[in-house]
Amino acid sequence: MPSPSLTSMMGFERKLVIGVGGMAISNNQAMILTTYSLGSCLGVTIYDPVSHVGGLLHAMLPDSSINAAKAAAQPAMFVDTGIGALFRATYALRAEKNRMQICVAGGASFLDQSGVFNIGERNYACLTRLLAQNGLTIDAKDVGGLVSRTLHLHIGTGEVRLKCSGQNADTILFKGYANVG
Amino acid sequence: MQTLDNFIKQIKMLPPAPRVLGRLLVLLNDPDGHASQIVELISFDPALTAKVLQRCNSAAFGLAGSVSNLDEAVTLLGFNAIYRLVAMSISEELLGASQAGYGIGSGELWEHSVTTAVAARVIVRKVGGEENVVFTAALLHDIGKLVLGSFLEGCRQSVLSQTGSSGLSFLEAEKTVLGVDHAEIGGRVLEEWKFPENLVSAVRHHHDPAQARPHEQLAAYVHLGDLIAHCLGQAQGFDSFAVRTQSNALEILEISPKEMDSFILETDSALKECAGLIRTTA
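Remember, predicted model here, so these are calculated numbers, not experimental data.

1. Here we look at the overall build of chain A
Inference 1: Scanning chain A for helices and strands turns up 4 helices and 10 strands.
Inference 2: Its C-alpha atoms give chain A a radius of gyration of 16 Å, near enough to 16 Å, the size a compact globule of 181 residues would have.
Inference 3: With respect to the three principal axes, the spread of C-alpha positions in chain A is 50 × 35 × 25 Å.
Inference 4: Within chain A, the fraction of its 181 residues that count as buried is 51%.
Inference 5: In chain A, of all internal contacts separated by at least 6 residues, the share reaching a separation of at least 24 is 60%.

Spelled out as structure tokens, the structure:
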């Protein structure tokens, strides 16, 4: 168990809930970004441990070309438009791409022999392709499988927590090291 | 293994309110059906009437506070909207409780059911068919879980150990351990409540629509709606994605696989539009 942060001990922590097709960034160290209901959707957290800036994306589908108007109005709905939007938003708060800790959760798959309903897999494939194109790697992931997930990013520490359906407690997906640098 | 009698005994203990949905569906489709009969049927249950009026007056309809009785509600919103509000109110009462046997928290089964119903309606509006029937079948598709939930509590580990890693879906594991599955029991529940045969069949075969012939289309709407609800994360519990998909549901409705992404997108939008009618737990 990590020791609790000062903010959590003093009860100052605030939770911001991000819905399906939403994203949020923060540099408020008392903030926890949370998203529920990751089924085949993909949850992506990014965190710069130097500037203490983090962001969370809850993208529903891989490819924005199915609805360009929706993608323009709500880029976080799609992985291909959401990832760029998430990174760009953090740069305004002085985050830097090459320092980002990247975590991914979601992309669950059915027992689908036909491969027709493989939305989770397509979401993850789209993400890894985009990250590779930008020379980025994933630090921790819990992707695929038969569970729905809840994902939390603690802005104060960069710690990423996860809860899978059918489980009672969170687990640590990525132990932050906010004090680096 | 339980005997079928034990399950049937449990079915008879479920509250009787949903029976009214079957009767309303018949009235709605009857060209000689009269408005007063529909209002009378709903009015028979004062608690239900109050809940329907409360939903009519929610922000979702922009009529805030102005609807005071069912006649007025029907005039302003039409029968189809009122029917769906009745169905939402009844199902919330019925499906709202937590189901420890399935690892489902309070309100989660109902939210999954509403998401399934909204998704199935998105598809039927594109493909064409009886919207109220599709909506109702999708809303009640997991009703068998109310019956099996308590039986599963005692043998959860046995069901879970057979799910997923050994290649069985949760439904198949239920059948192996309990001798029945929630789809089959759900069909029996609707039979007990004297629902029309097409709804009974669609609920019974929502995990394998081709078996529902001649009602395979209705079952296919429910199957695809169910999958969309899972994709949107509205499927908590142990069985979450341990669901076997049937791609022939697409063929039955002549839908191309590519359209599924658009249906998921539209379902999300439709859910946001009616968010005021759905209690949110998150």
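2. Some remarks on the overall build of chain B
Inference 1: The helix and strand inventory of chain B stands at 15 helices and 0 strands.
Inference 2: Taking 19 Å as the expected radius of gyration for a compact globule of 282 residues, we find that chain B reaches 18 Å, a close match to that expectation.
Inference 3: For chain B, with 282 residues in total, the buried portion stands at 51%.

3. Examining the domain arrangement of chain B
Residue and element names in this part refer to chain B.
Inference 1: For chain B, the assigned domains read domain 1 (16-95) and domain 2 (98-282).
Inference 2: Each of domain 1 and domain 2 has a C-alpha centre, and these two points are 24 Å apart.
Inference 3: In this assembly, 18 residues from domain 1 lie in contact with 18 residues from domain 2.
Inference 4: Contributions of two or more residues to the side of domain 1 that touches domain 2 are made by α2 (19-28) and α5 (70-95).
Inference 5: The element best represented in the side of domain 1 that touches domain 2 is α5, accounting for 8 residues.

4. Quick notes on the sheet that holds strand β7 (residues 140-143) of chain A
Residues and elements named next belong to chain A.
Inference 1: With mixed pairing, the 5 strands of this open sheet are ordered in space as β2-β5-β4-β6-β7. Among the strands making up the open sheet, the edge pair consists of β2 (22-26) and β7. The sheet shows a mean angle of 10° between the axes of neighbouring strands, taken without regard to direction.
Inference 2: Across 7 bridges, strand β4 (residues 42-48) lies against strand β5 (residues 53-59) in antiparallel orientation. For Leu42, the partnering residue across the bridge sits in β5 and is Ala59.
Inference 3: Where helix α3 (residues 79-91) meets the sheet, it contacts β2, β4 and β5, and its direction lies at approximately 165° from that of β5.
Inference 4: Contacting β4, β5, β6 (101-106) and β7, helix α4 (residues 119-133) crosses the sheet at an angle of about 30° to β4.

5. Looking at the sheet that holds strand β8 (residues 149-154) of chain A
All names here are of chain A.
Inference 1: As summarised here, the arrangement of the 5 strands in space is β1-β3-β8-β9-β10, forming an open sheet in which the pairing is mixed. Edge strands, defined here as strands with exactly one partner in the open sheet, are β1 (14-17) and β10 (171-174). Adjacent strand axes in the sheet meet at a mean angle of 30° when their direction is disregarded.
Inference 2: Here 4 bridges tie β1 to strand β3 (residues 31-38), and the two strands are oriented parallel to one another. By the bridge assignment, Arg14 is partnered in β3 with Met31.

6. Description of the packing of helix α7 (residues 131-139) of chain B against helix α12 (residues 197-204) of chain B
Residue and element names in this part refer to chain B.
Inference 1: The N-to-C vectors of α7 and α12 enclose an angle of 40°; their axes lie 9 Å apart at closest approach. The orientation of α7 with respect to α12, classified from their angle, is oblique. Our pair here, α7 against α12, has a crossing hand that is right-handed. Where α7 approaches α12, its residues Val133, Thr136 and Ala137 are matched on the opposing element by Asn198, Leu199, Ala202 and Val203.
Inference 2: In terms of residue class, the contact of α7 with α12 is made up of 5 nonpolar, 2 polar and no charged.

7. Quick notes on the interface of chain A and chain B
Inference 1: At the junction of the two partners, chain A supplies 28 residues and chain B supplies 29 residues.
Inference 2: No other element matches β3(A), which puts 3 residues into the side of chain A that touches chain B.
Inference 3: In terms of residue class, the side of chain A that touches chain B is built from 16 nonpolar, 10 polar and 2 charged.

8. Things to note about the nonpolar core
Soluble globular proteins tend to bury their nonpolar side chains together.
Residue and element names in this part refer to chain B.
Inference 1: Ala120, Ala137 and Tyr221 are the most contacted members of the largest nonpolar core, which totals 140 residues.
Inference 2: When residues of this core are assigned to their parent elements, the largest contribution, 11 residues, is made by α5.
Inference 3: When residues of this core are assigned to domains, at least three map to each of domain 1 (16-95) and domain 2 (98-282).
Inference 4: Residues within four places of Tyr221 in sequence aside, it is in contact with Ala120, Ile123, Val124, Val134 and Ala138.

9. So, the pairing of β5(A)
Residues and elements named next belong to chain A.
Inference 1: Of all 7 residues in β5, 7 are buried; the element is thus mostly enclosed.
Inference 2: Neither face of β5 is left uncovered, since the one carrying Val53, Gly55, Leu57 and Ala59 and the one carrying Gly54, Leu56 and His58 both have all their residues buried.
Inference 3: Note: β2 against β5, 5 bridges, orientation antiparallel. Within β5, the position partnered with Ser26 by the bridge is Gly54.

10. A closer look at the confidence of the model for chain B
Inference 1: Of all residues in chain B, 97% attain a pLDDT of 70 or more, and the chain-wide mean is 88.
Inference 2: Scoring of the predicted complex yields 0.90 for pTM and 0.89 for ipTM.

11. Quick word on unusual backbone geometry
Inference 1: Cis peptide bonds are those with omega within 30 degrees of zero, and the linkage from B:Arg213 to B:Pro214 qualifies with 10°.
Inference 2: Its location among the elements puts B:Pro214 in the loop between α12 and α13 (216-231).
Inference 3: With phi around 60°, A:Ser37 is a residue other than glycine that occupies positive phi space.
Inference 4: Mapping A:Ser37 onto the fold places it in strand β3.
Inference 5: A residue is classified by how many C-beta atoms lie within 10 Å of it, and A:Ser37, with 22 of them, is buried.
Inference 6: If you check the backbone angles, A:His52 has positive phi at about 55° while not being a glycine.
Inference 7: As for its position among the elements, A:His52 is in the loop between β4 and β5.

Reading guide: rules and limits
Residues numbered from 1 in each chain as written. Chains lettered and ligands numbered in written order. Predicted model: local features only at pLDDT ≥ 70, side-chain atom pairs only at ≥ 80, totals over all residues. Helix = DSSP H or I, 4+ residues; strand = E, 2+ residues; numbered from the N terminus. Rg over C-alpha atoms; globule rule 2.2 N^0.38 Å. Buried ≥ 20, exposed ≤ 12 C-beta atoms within 10 Å, placed from the backbone. Contact = placed C-beta atoms within 7 Å. Domains from an automatic or database assignment. Pairing = 2+ DSSP bridges. Axes fitted to C-alpha atoms, helices over the stretch in contact; angles between N-to-C directions. Parallel < 35°, antiparallel > 145°, perpendicular 65-115°, else oblique. Left-handed = near helix turned anticlockwise from the far one by under 90°. Nonpolar A, V, L, I, M, F, W, Y, C, P; charged D, E, K, R; others polar. Core = buried A, V, L, I, M, F, W, Y, C linked by C-beta atoms within 7 Å. pLDDT = per-residue confidence, 0-100.

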